[in-house]
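Notes for the structure review
Residues per chain are reported as follows:
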Amino acid sequence: MLSSVLKALSCGAILVGLVSASQVTDGSEVTEAAQVPKRPNILFVFSDDHAPHAIGAYQGHLGFGQWLAGVDTTPQIDRLAAQGMIFTRSYCGNSICGPSRATIQTGKHSHANGYLQNGNRFNGDQVTFPKLLQKAGYTTAMIGKWHLQSDPQGFDYWDVLPGQGAYYNPKLIRADGTRVVEGHCTDIVTDLAVSWLDEAKSSDKPWMLMCQHKAPHRTWMPAARHLDLWADEDLPVPPTLFDKHEDNASGARTAEMSIERHMELFYDLFVGTKDGTVPKGGSALDGSGRRNLARMTPEQRAKWDAAFGPRNAAFHAANLEGDDLVRWMHQRYLKNYLRCIRGVDDSVGRLTKWLDDNGLAENTIVIYASDQGFYLGDHGWYDKRWMYEESMSMPFIVRWPGHVAPGTTNDALIQNIDYAPTFLDIAGAAIPEDIHGTSLLPVFGGETPEDWRDALYYRYYEFPGAHAVPKHYGVHTKDEKLMFFPELDAWEYYDLKADPDELQNLFHDPAKAGAIAKLGVRLGELRAQYGDK
Ligand code: CA
C-alpha cells in the first residue's frame, strides 16, 4: 500500500494521501504512512444568483458591472479572495438554477446530462462527481438548496430545501423525513453545515461538503439583522438602467425581466397597499411573497414591519412616477438583494472560522461560487438566463494554502463543466472520459497551460417560460461573443474588449465579417466536440 502512495507522489499527484494512518493495520507501516498528508477536504460554498459584480473582490477585475465599486458588499468573501484566487472569466453553460447544478454534478453540458431547464427532473442514476468521490474514499454531504427534483445521490448525508426553499422558517428534507426549522434559511443551512463538519472532522476520511444557499434568489428576504444595511443611503445606479436594447435582437425587447415593466411592487419588493396591508391577490405571480411573509413568527414579522413599514409609507407619500419610480424600485431591489448576500457572506465567515478553529484551514480547499450571474438593474433588468456577461458569469473564488497563491486573479476561461473533474482530480480519482470539463488544477498554479481552451459553449432552452427569454446558443472567447436565436433567426456579435457592456451588436458590421465567420466555425466545432445537435 505504501508503495502505491510513493508512486503516486513521484508522479506529482496532488497531496496524495491514498491511505490514512488509521487505514494501515500493519503496525510497521504506521509511522511512514502517517507522514503522507491526508488528501484535502473540499468545502464548496455555493449560492443562488450571486452575480460576481456584487462581490467586492471582483470590482476592478471585470469588464462589466463596475458601477458597484466602493460598496462594501461582501467583507468575508473578499477576505477569502485575498487569501486565494479569483477567476475573472468564469462562466456557466446555461444560465439558470437547476441546469447549472446538474452541470456541476456531472461535468457535462445540459444536453448531455438531460437537465435542460428548471422543472426538469435530474436523473440521479447517472455518473456524478460525489458518487466518484465516495468511491475514492471521501465522505460527502449536501446541505441546503439542491433544486434538482430527484433525491440527492452520492452523498453520505443530505439535508435539503424542497424546491426553491423558503427564506424564513424553511422546510428541510432528509432521507428520514421533512421538518420545519425556525430561523433564517442562510443561517440554518450554515448551522447544519457546521454540525455536519463537527461530526466529519473526527473521521479519518477526507470530506467534501456542498453548502448551498437559497440566497440571494428572488424574492429577496434578508435576515432581520441585515434589514437596516444601506437604509439611509443611495446605492450607485448602473449606467445601463434605462437601456432600450435598441441594438439587440428582438428577444431582448420582448423579454419580461424589466424593473420598469415587470418587477412587482408587492411580490418582489414587499411594498403593501397604502394602509400597510398586502394587495388583494398578493401578486399576479405565484404569491410566494405573501406565503413567505405568512411563514414568519410574530417576532420576525414585527422586525420586518418595523424596518419596511416607515419606508413603505414614505414611498406612498412620494407618489413617484416614471424614471423616479424605476430608480426607487431599483434601490429597494438592490438593497434587499445585497442584504441577502450579506447573510451568505456571514456564512462564509463562519465556515472559514470553523476551519481555522479546527486546524483545517491548511488542508481544506475552499471554493465560493454561485449558479450563475444576475442583473442588478444592468440593462434595466433583474433575473438571468441570457448569454450576456452579467448572467453568463459565475463567481469562482478558490483558497487552497500552498497550492493557490494568495491575492491573485486568473483570466483563464473556465466554466461550470470544470468543477466535477477538478474535484475528482483533487481526490486523485480518475476523471471519466465523457466528462466535458477539464480539471482546473493546472490553472490553480497560476500559469495557464498553452493548450487551455480558447472558447466556451453556451445554450439556453427555457422558452416558452418565465421571463420570456428566447432560446439561444453561442460561443464565447476571451474577447468576442457570437449568439444565435434559432426561433428568431437572429444573430448577435459583440467585441467584448471594445464594448464590455454589450451595447453594440456588430453582427452586420462588414468590418467584422471575417471575425464572425471564424467564430461561426468555432461554434460548429464546439457543438461537434460536445455532441450537441
Ligand atoms: Ca440561480
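All values derive from a computational prediction rather than experimental measurement.

1. Topic: the side chain of Thr186
As for its placement among the helices and strands, Thr186 is situated in helix H7 (residues 185-200). Beyond its immediate sequence surroundings of up to four residues, Thr186 is in contact with His213, Ala215, Gly343, Val344 and Ser347.

2. Observations concerning the domain arrangement of the protein chain
Domain annotation of the protein chain identifies domain 1 (2-219 + 340-454), domain 2 (224-240 + 258-333) and domain 3 (458-529). Taking the mean C-alpha position of each, domain 2 and domain 3 sit 36 Å from one another.

3. Concerning the packing of helix H10 (residues 298-318) against helix H11 (residues 322-357)
Following both chains from N to C, one finds H10 and H11 inclined at 165°, their axes separated by 12 Å at the closest point. Taken together, the axes of H10 and H11 are roughly antiparallel relative to one another. Of the two possible hands of crossing, H10 and H11 adopt the one that is left-handed. Listed contacts from H11 to Phe308, Arg311, Asn312 and Phe315 of H10 are Leu325, Trp328, Arg332, Asn336 and Arg339. In the contact of H10 with H11, the residues fall into four nonpolar, two polar and three charged.

4. Considering the coordination of the calcium ion
Protein ligation of the calcium ion involves Asp48 (OD), Asp49 (OD), Cys97 (SG), Asp371 (OD), Asp371 (OD) and Gln372 (OE1), the donor distances falling in the range 2.2 to 2.7 Å. Taken together, the six donor atoms coordinating the calcium ion and their angles of 52 to 162° define a geometry best described as irregular. Here the donor residues of the calcium ion are spaced in sequence according to D-D-x47-C-x273-D-Q. For Asp371, a relative accessible area of 0% puts it in the buried group. Given the relative accessible area of 0%, Gln372 is considered buried.

5. A few points about the sheet that holds strand S14 (residues 472-476)
Spatially, S13-S14-S15-S16 is the arrangement adopted by the four strands of the open sheet, whose pairing is antiparallel. This sheet does not close on itself; its edge strands, each paired only once, are strand S13 (456-460) and strand S16 (490-495). Averaged over all neighbouring strand pairs, the angle between strand axes comes to 15°, with direction disregarded.

6. Side note on H11
Its 36 residues place the ends of H11 53 Å apart at the C-alpha level, agreeing with the 52 Å of an ideal helix rising 1.5 Å per residue. The element H11 is largely enclosed, with a buried count of 26 among its 36 residues. Of the residues one or two after H11, Gly359 is the one with positive phi, at around 65°.

7. A look at the packing of aromatic side chains
In this structure the tally under the stated criterion is 31 aromatic pairs. A centroid spacing of 5.4 Å and a plane angle of 80° characterise the contact between Phe87 and Phe396, whose relative ring orientation is edge-to-face. A residue pair is termed long-range when its members are at least 10 positions apart, and Phe87 in strand S2 (residues 85-87) and Phe396 in strand S10 (residues 396-399) qualify at 309 residues. For Phe87, a relative accessible area of 1% gives the class buried. Take Phe396: its relative accessible area is 1%, and that puts it in the buried class. A network of ring pairs unites the aromatic residues Phe44, Phe46, Phe87, Phe129, Phe396, Trp400, Tyr419, Phe423 and Phe444 as a single cluster. Over the aromatic face of Tyr167 sits the side chain of Lys214, whose NZ or CZ is 4.8 Å from the ring centroid. The positively charged end of Arg311 is found above the aromatic ring belonging to Phe308, 5.3 Å away from the centroid.

Scoring rules and cut-offs
Residues numbered from 1 in each chain as written. Predicted model: local features only at pLDDT ≥ 70, side-chain atom pairs only at ≥ 80, totals over all residues. Heavy atoms only, no water. Helix = DSSP H or I, 4+ residues; strand = E, 2+ residues; numbered from the N terminus. Contact = heavy atoms within 4.5 Å. Domains from an automatic or database assignment. Axes fitted to C-alpha atoms, helices over the stretch in contact; angles between N-to-C directions. Parallel < 35°, antiparallel > 145°, perpendicular 65-115°, else oblique. Left-handed = near helix turned anticlockwise from the far one by under 90°. Nonpolar A, V, L, I, M, F, W, Y, C, P; charged D, E, K, R; others polar. Donors = N, O, S within 2.8 Å, 3.2 Å for Na, K, Ca; no water. Tetrahedral: all angles 85-135°; square planar, octahedral: opposite > 155°, others 65-115°. Buried < 20%, exposed > 50% of the residue type's maximum accessible area, 1.4 Å probe, protein only. Pairing = 2+ DSSP bridges. Expected span 1.5 Å × (residues − 1). Phe/Tyr/Trp six-rings, centres within 6.5 Å; stacked < 30°, edge-to-face > 60°. Lys NZ or Arg CZ within 6 Å of the ring centre and 35° of its normal.

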